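Examining the three-dimensional arrangement
Residue strings, one per chain:
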Amino acid sequence: MGYGMFALGVPALLLFALAFAWVVVAVHALLLGRMPGRRLPRLVRQPRLWGAGALLVPVSGYARSPSLLAVAVGLVALGHVMKSQR
């Protein structure tokens, strides 16, 4: 195991940790209907819609489907801009 293996392992581990955090926040938003933290609730108007789109992002990467990624990005964007129905 040389330096090259270490150089590729650290970014991969960082990306895996970021993807895991993304999925945790998406499941939280989808199931509870609210965003965690202080800043995210101000940025996202429709948490359930955002969470559904955010969960589709890694699924589209795993399925290698650009059309599913486009739907996911659209749902995330709608979660940010749609006004609440309440």
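Residues numbered from 1 in each chain as written. Predicted model: local features only at pLDDT ≥ 70, side-chain atom pairs only at ≥ 80, totals over all residues. Heavy atoms only, no water.

Observations concerning helix 4 (residues 66-81)
The end-to-end C-alpha separation of helix 4 is 23 Å, in line with the 22 Å expected for 16 residues at 1.5 Å each. Turning to helix 4, its buried residues number three or more, namely Ala72, Val76 and Gly79. One face of helix 4 carries all of its buried residues, which in axial projection span an arc of 55 degrees. With respect to the buried face of helix 4, the exposed residues turned more than 90 degrees away are Pro66, Ser67 and Val81. If you follow the buried residues of helix 4, they end up packed against helix 3 (47-63). (Helix = DSSP H or I, 4+ residues; strand = E, 2+ residues; numbered from the N terminus. Expected span 1.5 Å × (residues − 1). Buried < 20%, exposed > 50% of the residue type's maximum accessible area, 1.4 Å probe, protein only. Arc of directions from axis to C-beta. Contact = heavy atoms within 4.5 Å.)

Description of the environment of Trp22
Mapped onto the elements, Trp22 comes out in helix 1 (residues 3-32). On the basis of relative accessibility, which here comes to 34%, the residue Trp22 falls in the partly exposed class. Setting aside its immediate chain neighbours within four residues, Trp22 contacts Trp50, Ala54, Val57 and Pro58.

Concerning the packing of helix 3 against helix 4
For the pair helix 3 and helix 4, the least separation of the axes is 7 Å and the interaxial angle reads 155 degrees. Judged on the interaxial angle alone, helix 4 and helix 3 are roughly antiparallel. Seen from above, helix 3 lies across helix 4 with left-handed handedness. Note on element contacts: helix 4 touches helix 3 through Leu68, Leu69, Val71, Ala72, Leu75, Val76, Leu78, Gly79 and His80, opposite Leu49, Trp50, Ala52, Gly53, Ala54, Leu56, Val57, Val59 and Ser60. (Axes fitted to C-alpha atoms, helices over the stretch in contact; angles between N-to-C directions. Parallel < 35°, antiparallel > 145°, perpendicular 65-115°, else oblique. Left-handed = near helix turned anticlockwise from the far one by under 90°.)

Describing a nonpolar patch on the surface
A grouping of Leu13, Phe16, Phe20 and Val24 is seen on the molecular surface, where their side chains present a nonpolar patch of about 460 Å² in accessible area. Inspection of the secondary structure assignment puts Val24 in helix 1. Looking at Val24, the relative accessible area reads 44%, which means it is partly exposed. (Patch = residues over 30% accessible without salt bridge, like charges linked within 9 Å, V, L, I, M, F, W, Y side chains within 5 Å. Areas by Shrake-Rupley, 256 points an atom, 1.4 Å probe, with all protein chains shown as cover. Salt bridge = Lys/Arg side-chain N within 4 Å of Asp/Glu carboxyl O.)

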